[in-house]
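Per-entry structural report
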Amino acid sequence: MKVRYNAPVTLTFALTASLVLLLDQTFFPNLIEALFVVGPSMNPGNPLDYIRLLTHVIGHSSWAHLMGNFAFILLLGPILEEKYRSTSLFIMMAITAVVTGLLNVLFLPTALLGASGIVFMMILLVSFTNIRQGEVPLTFILIVILFLTQEVVDSVREDSVAQFAHISGGVIGSLFGFLRPHRSA
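Description of the structure in this document. These numbers come from a predicted model, not from an experiment.

This part is about the packing of aromatic side chains. One pass over the structure, following the stated rule, counts five aromatic pairs. With a centroid separation of 5.0 Å and 65 degrees between ring planes, the pair formed by Phe13 and Phe70 is classed as edge-to-face. Placement of the pair is Phe13 in helix α1 (residues 8-25) and Phe70 in helix α4 (residues 63-84), with a sequence separation of 57 residues. Grouping residues by exposure puts Phe13 and Phe70 together as buried.

The final tally for this structure, using the stated rule, is one salt bridge. One salt bridge connects Asp49 with Arg52, and the closest N-O pair in it is separated by 2.5 Å. Of this pair, Asp49 and Arg52 both sit in helix α3 (residues 47-55), three residues apart, roughly one helical turn. For Arg52, a relative accessible area of 12% translates into the label buried.

What follows covers α4. Along its 22 residues, α4 runs 29 Å from first to last C-alpha, staying within 8% of the 32 Å computed at 1.5 Å per residue. At Leu76, α4 shows its largest bend, some 30 degrees, and a proline, Pro78, comes one to four positions later. Of the positions making up α4, those classed as buried are Leu66, Asn69, Phe70, Ile73, Leu76, Gly77, Leu80, Glu81, Lys83 and Tyr84. Summarising the contacts, the buried residues of α4 are in contact with α1, α5 (86-107), α6 (116-126) and α8 (163-179). Two residues or fewer after α4 comes Arg85, characterised by a positive phi angle close to 80 degrees.

What counts, and where the lines are drawn
Residues numbered from 1 in each chain as written. Predicted model: local features only at pLDDT ≥ 70, side-chain atom pairs only at ≥ 80, totals over all residues. Heavy atoms only, no water. Phe/Tyr/Trp six-rings, centres within 6.5 Å; stacked < 30°, edge-to-face > 60°. Helix = DSSP H or I, 4+ residues; strand = E, 2+ residues; numbered from the N terminus. Buried < 20%, exposed > 50% of the residue type's maximum accessible area, 1.4 Å probe, protein only. Salt bridge = Lys/Arg side-chain N within 4 Å of Asp/Glu carboxyl O. Expected span 1.5 Å × (residues − 1). Bend = angle between axes of the 7 residues up to and from the residue. Contact = heavy atoms within 4.5 Å.

Purely geometric numbers; function is a separate question.
Here's what the structure looks like:
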């Protein structure tokens, strides 16, 4: 039996995020803060601020934070890569990262770090894996009720969790599911 790199986007994402956290905690303290956090505002003259809109999903504050996100990503990513293909999933992840980063800058006074927006994009998108034209999957409705409703309720609590990124990631995943119901060639 041979081990196969079966989901290249998902696996590369997980390995990159793990390496960044390892480097931050060993040889390059403050690496994550410097390159992988979207601040509460942007400096239009700073090119790094634009890069961080994409890279914030790679940085994580701790191993527990990383494991919480990548447990879902490693479970759902391969299914989505099989259905949508690696390139399409990569593009969906990049769009989700940039949109959640921009929304955070525009509407919230806090920094943003981590891949939870992508997790929620994947959770909602995976509910469309067997969608047929003209149908709304019951799994989608139940996931909206269970996951997104809980995030809306949790959003009124004072904590360090980015519920807004969860909600916006879920909305983006829903849009991808409705707009791309068929497998890409």
